[in-house]
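# Commentary on secondary and tertiary structure
One-letter residues, chain by chain:
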Amino acid sequence: MTRPAYRARLFATLSPALALSLALTAPAAAQAPEYAAEAPVAAAADPWPFAASDLPKDPAYRTGVLANGMRYIIRPNATPPGQGLVQLWVDFGSAAETDEQQGWAHYIEHMAFNGSTHLPEGEMVKLLEREGLAFGADTNASTGFDTTLYRLDLPRNDTALLDTALMLMRETASELTFDEEAVARERGIILSEISVRDTYQQRSAKDSLAFSYPGSAMAQRFPGGLPETVSAATGTGLKALWERYYRPDNVALIVVGDYDADTVEAMIRERFSSWQAEPPVPAARMGPVDVNLAGKTAIYLDPALAQRITVSRHGPWLGGPDTEEARRVRLRRAIGYDIINRRLERMTRRDDPPFRAAGLSTSDVGKEGRTTSLTVYAISGAWERGLEAAQEEYRRALTFGFTEAEVAEQLANYRAAITANAAGAATRPNSTFVTGAVTLLRDGQVPTTPETALERFTAHAPEITPETVLAALREEVVPLDDPLIRYEGEAAPEGGADALRTAWTEGMAREVSPPADEALSAFAYQDFGTPGVVVKDARVPELGIREITFANGVMLNLKQTALQADRVLLRLNLDGGDLLNTRENPLATGLASFLPQGGLGEHSYDELLSILAGRNVSFGFASNESRFQMGAGTTPDDLELQLDLFAAAISDPGFRSAGEAQSRQNVRAFFARRSATPAAALGFERGRIISDGDPRFSFQDEDAYLGMTFAELRASIADRLDHGAIELTIVGDIDEDRAIALVARTLGALPQREAAFRPYTENLTRTFTQDRSPRVVYHDGPADQASLTMIWPTTDDKDHDTNLRLELLQRVARIALTDSLREELGQTYSPSANASQSRTYPGYGTFGFSASLNAEHVDEAREAMLDTLGRLRDGGIDDDLLLRARQPLLEAYDNLLKTNAGWLQVADEVQSEPWRTERFLTGRAKIAALTAADLTATAQRFLVPDERLEIAVMPRPGE
């Protein structure tokens, strides 16, 4: 099973805590604005890293620099066809702020869509929604320590829409107005975002940075800023900071998608050449990083935090030009880290594991330093044991190195990943090339082709030995001598900081032994009996989906596509799922997701990771409303092995107790933070409130989850594993007849199964509470945080027309709530509406409004929500609002079958639920035909104000 790991920059690995994003949109179909005449300047030094590198750049990337210094990257790509991505990258983030400007980089990001020279405030979101870009999903932006990134995912590749996107990016880059009234209106939204993000995780991240990098920009300029500095921001001040850093030489434009490169380049030059160049300013620093910082110990406490110990030291930055030799060294180091972390991971699957998780890593801090960290996620009350075990493995690796078998396992994983990338090179998704463009800009990493990467790997592989891996790793790992030690958790360790330091010091003095070289057995599951016989072979004519049924009852759906070369997606549905949970035994399937951790009868999970190294297969198991489900992504070559693994998982699961141990640790961590935020508190109580305490839909006591065993899980699901209906869907680069033969040899060879999924009529009752009195749930987070949710019962998904009306009404409501709560009142960062119609429980569904709020604004938000509800019910859905909600949904329909994931969604369970085919085929036309009156009637039917269930989540009152 392939799981290669890559070394990351420090502040990237802390995401999402360190990056703030704003869902934003921009105008389409607008008249081309006029800008100042082009003002050429003297050519600057070559801003690209290619001259210093011996790596062959992917020739399909077109890079250039305008006369004003602005860079651009164009990468034509037709996967998926007819779509594109446009991003504006700004080499500017919170690290460049002063004390008084904290949070202003993020504020500028927000103001980018609140008025510019050619675009009035408030029109941008509406214009792009009319063009089919959904708020948040297709349009976004983020601010980090060192970059700001604006993103538009274009649902079509027509030049008019591309020109609109480029126009928006030009407006953002050089034409923002920062009107004082607009700045004031946006302030409440930003303050709300700061409040919502003030979680125990973010507070811990801030404390960690302050401890590890005292006096650094990272520690003092956290993205988002402070309420007081955001409150003090003015349009004049924001504009001055924007003008300083939004300069042509500090910005790059990225365009990836189904475009002609010459056309795109001409459009970029037309839009951006007139942008006036400005004198350069010094780049902001992330640090300083004190490489001599040592011997400090800190303890950080929060009731929601599980115990974690981080032991670290800093060293100089070792980077340089991106060359072939540099990549060779990085690969050897990566293999070393992977082996160590594989050893640590193996410990977590013991019957009595020493820790929940642990890992060793070295991360760059910009280009100013590097940090090596050994992180131990301790079991509550057993931090010493966990630290000792992880420390011993770290020392063992750095002292004795690695075995031939360990290096071979990781080499196999990398070889499989690199080979698969080369095989699918021609049909890589747009996101791959955007990542390549951003890493080129941020890190100077040269984008190369998968084919040349495979050539380099093949030439390099013979030199990757235990000795060369250890040498490369030792060169980078900063020795953890007299290290920084930081402990976080719900309670201080006994003995405090001295105990932590003593434990580490004593551990460094202990003797360590060399690693043992363990022999591996062959995969034991290759013969499941006589191959199954096909008894049905039909095809859905409208979609070309082939339907196969085997004599043992297994159903197989196939769709061959050419959308991604050498890629195959699978989804297996097995009868049962959460419908096996009853009022008497509500946790019957509670351990289902941990089933893979118990391995197979013949192999533990750890053995599987080694035996299947270098193969593109995966082993997961989940329980949803009415099915158990296994999914995988593989290659044509490994399809057979993936099916072997599926068949083995169903016919011979291991049920080893290691899975129980991992579940118990997750349970303890979950219950520790169940009320740490408004969202967590609501999530814990929502099911109980709605269901009147029905145990199938309510969280049980912590002890109930801690008491779950694999013996009980086996008793609950064994019959379904042995006899339950199976429907498998395979989509992608397949040969249909070969796929049928492989399924016949594996799943089709299993003993006879039930021909259809059971109805479970005795367990299908699910009710919505009749008690609609307002409820208050309390959280234990900051006292200014709250949320408000309104929920209505609706219906199930049996009627397609009603389904579509609720789906579109949800989108209308979301926009209306955003217009009301966010844009007009400036109260909340994340208003939402959600419709959910059950496929399982007759008559059951919900429709909800929700918003994260300042605790002082709950009453005002309630009135705004009810006013929005009144608009939906009383004819307030005008044609423009309907268009803005409908167009992204229509674009989603148009683009669904341009990806394998979309085909999997359509083909899944097409035999057991054949009506889904007609729904897909007729859905677009039905949505296009819906009127405002239809949605008004739907709102009047389901969203009755006095029938709502209202749940307010408030800060817990003081004692």
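The protein is annotated in an unreviewed UniProt entry as Insulinase family protein from Aurantiacibacter xanthus. Listed under Cofactor (unreviewed entry) in UniProt, the entry text for the protein is "Zn(2+)".

### Brief notes about unusual backbone geometry
For the bond running from Thr 79 to Pro 80, omega is 0 degrees, close enough to zero to count as cis. Here Pro 80 is to be found in the loop between strand 3 (71-76) and strand 4 (84-90). For the peptide bond that leads from Gly 287 to Pro 288, omega is 10 degrees, which places it in the cis range. Within the element layout of this structure, Pro 288 appears in the loop between helix 10 (261-272) and strand 8 (297-301). Backbone geometry places Tyr 760, a non-glycine residue, at a positive phi of 50 degrees. For Tyr 760, the position within the fold is in the loop between helix 24 (736-745) and strand 20 (775-779).

### Remarks on the UniProt feature "domain: Peptidase M16 C-terminal" (unreviewed entry) in the protein
The UniProt entry lists residues 238-291 and 709-888 under the feature "domain: Peptidase M16 C-terminal" (unreviewed entry), expressed in the numbering used here. Helix and strand shares over residues 238-291 are 37% and 13% respectively, and the end C-alpha atoms of the span are 35 Å apart.

### Comments concerning the nonpolar core
Counting residues in hydrophobic clusters, the biggest one holds 78 residues, and the most contacted among them are Leu 728, Ile 730 and Leu 747. When residues are assigned to domains, this core turns out to be shared by domain 3 (534-749) and domain 4 (775-955), each giving three or more. Within the second largest apolar cluster, 55 residues are counted, among which are Tyr 72, Val 86, Met 124 and Tyr 246.

### Some points on the pattern of salt bridges
Summed over all chains, the structure comprises 78 salt bridges. As a salt-bridge pair, Arg 185 and Glu 121 come within 2.5 Å of each other at their nearest N and O atoms. Here Arg 185, found in helix 5 (residues 180-196), pairs with Glu 121, found in the loop between helix 2 (104-111) and helix 3 (124-130); they are 64 residues apart in sequence, far enough to count as distant. Given a relative accessible area of 32%, Glu 121 falls into the partly exposed group. Where Asp 302 meets Arg 203, a salt bridge forms, and the shortest distance between an N and an O atom there is 3.5 Å.

### Focus: the environment of Glu 640
Mapped onto the elements, Glu 640 comes out in helix 19 (residues 639-651). By relative accessible area, Glu 640 is classed as partly exposed at 30%. As a C-alpha pair, Glu 640 and Arg 546 span 94 residues in sequence and 19 Å in three-dimensional space. Non-local contacts of Glu 640, meaning those with residues more than four positions away in its chain, are made with Leu 742 and Arg 745.

Criteria and cut-off values
- Residues numbered from 1 in each chain as written.
- Predicted model: local features only at pLDDT ≥ 70, side-chain atom pairs only at ≥ 80, totals over all residues.
- Heavy atoms only, no water.
- UniProt positions renumbered as here; feature names shortened; annotations may be inferred.
- Helix = DSSP H or I, 4+ residues; strand = E, 2+ residues; numbered from the N terminus.
- Core = buried A, V, L, I, M, F, W, Y, C linked by side-chain atoms within 4.5 Å.
- Buried < 20%, exposed > 50% of the residue type's maximum accessible area, 1.4 Å probe, protein only.
- Domains from an automatic or database assignment.
- Salt bridge = Lys/Arg side-chain N within 4 Å of Asp/Glu carboxyl O.
- Contact = heavy atoms within 4.5 Å.

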